[in-house]
Amino acid sequence: MFEDKIEAMNKQPNAADDNSGFEKRVYTVEEIMDILSIGKNTAYALVNSGVFHFVKVGGHYRISKKSFDRWLDNMESERPGCQLCD
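Please read these numbers as outputs of a predicted model, since none were measured by experiment. (Residues numbered from 1 in each chain as written. Predicted model: local features only at pLDDT ≥ 70, side-chain atom pairs only at ≥ 80, totals over all residues. Heavy atoms only, no water.)

Details of helix α3 (residues 40–48)
Short version of the rule: Each residue is assigned to one of three classes by its accessible area relative to the maximum for its type, calculated with a 1.4 Å probe on protein chains only: buried under 20%, partly exposed between the two thresholds, exposed over 50%. What counts as a helix is a DSSP run of H or I of at least four residues, what counts as a strand is a run of E of at least two, and both are numbered from the N terminus. Read the arc as the range of directions from the helix axis to the C-beta atoms. In what follows, residue pairs with any heavy atoms lying within 4.5 Å of each other are defined as contacts.
Every buried residue of α3 is listed here: A43, L46 and V47. For α3, the buried positions fall inside an angular range of 100 degrees around the axis, keeping them on one side. Check the buried side of α3 and you find it contacts α2 (29–36), β2 (54–57), β3 (60–64) and α4 (65–77). Positive backbone phi, at 85 degrees, marks G50, one or two positions downstream of α3.

Quick look at the pattern of salt bridges
For clarity, the cut-off: One side-chain nitrogen of Lys or Arg within 4 Å of one carboxyl oxygen of Asp or Glu is enough to make a salt bridge.
Scanning the model with the defined rule gives two salt bridges in all. A salt bridge links E31 to K24, with the shortest nitrogen-to-oxygen separation between them at 3.0 Å. Each member of the pair E31 and K24 is classed as buried. One salt bridge connects D69 with K65, and the closest N-O pair in it is separated by 2.8 Å. In this pair, D69 and K65 are both assigned in helix α4, four residues apart and thus about one turn of the helix distant. Overall, the relative accessible area of 25% leaves K65 in the partly exposed class.

Notes on unusual backbone geometry
Phi is positive for S37, close to 55 degrees, though the residue is something other than glycine. Looking at the element boundaries, S37 is found in the loop between α2 and α3. S37 gets classed as exposed once you look at its relative accessible area, which sits at 67%.

Details of α4
Heads up, the rule is: A helix is expected to reach a length of 1.5 Å times the quantity of its residues less one.
With 13 residues, α4 should cover 18 Å at 1.5 Å per step; its first-to-last C-alpha distance of 18 Å lies within 8% of that length. Among all positions of α4, only S67, F68, W71 and M75 are buried. With its buried residues spanning 100 degrees around the axis, α4 presents them on a single face. Pointing more than 90 degrees away from the buried face of α4 are the exposed residues K66, E76 and S77. Summarising the contacts, the buried residues of α4 are in contact with β1 (26–27), α2, α3 and β3.

What to know about the environment of Y61
In plain terms, the rule: Whenever a nitrogen or oxygen atom comes within 3.5 Å of another N or O atom, the pair is scored as a polar contact, on the condition that within protein one atom can donate a hydrogen and the other can accept it, and that pairs from neighbouring residues in sequence are kept only if both atoms are in side chains.
By the element assignment, Y61 lies in strand β3. Sequence spacing of Y61 and Y27 is 34 residues, and the spatial spacing of their C-alpha atoms is 8.4 Å. Contact partners of Y61, with chain neighbours within four places excluded, come to Y27, T28, V29, Y44, V47, N48, F54, V55 and K56. At 3.3 Å, the side chain of Y61 forms a polar contact with the side chain of N48.

Everything listed here is a matter of geometry and, on its own, says nothing about what the molecule does.
Encoded structure:
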């Protein structure tokens, strides 16, 4: 039940715009893939690299939006390149 609610919230185009009062606080691996335009293996490698916080709920990764966004903002200010490749 809890997993279904989280999954449904993550599938909404913009959960912050609805009237439920909830602000989106996590990303799924699929959303990370879309945001970064990367494949599944690279996304999981990035999640497991420890560069941002995540939790595993019923076998599904939930990535902290706050820590991911902070990491992404820092990556944009650093030199371009693959962090996993360095």
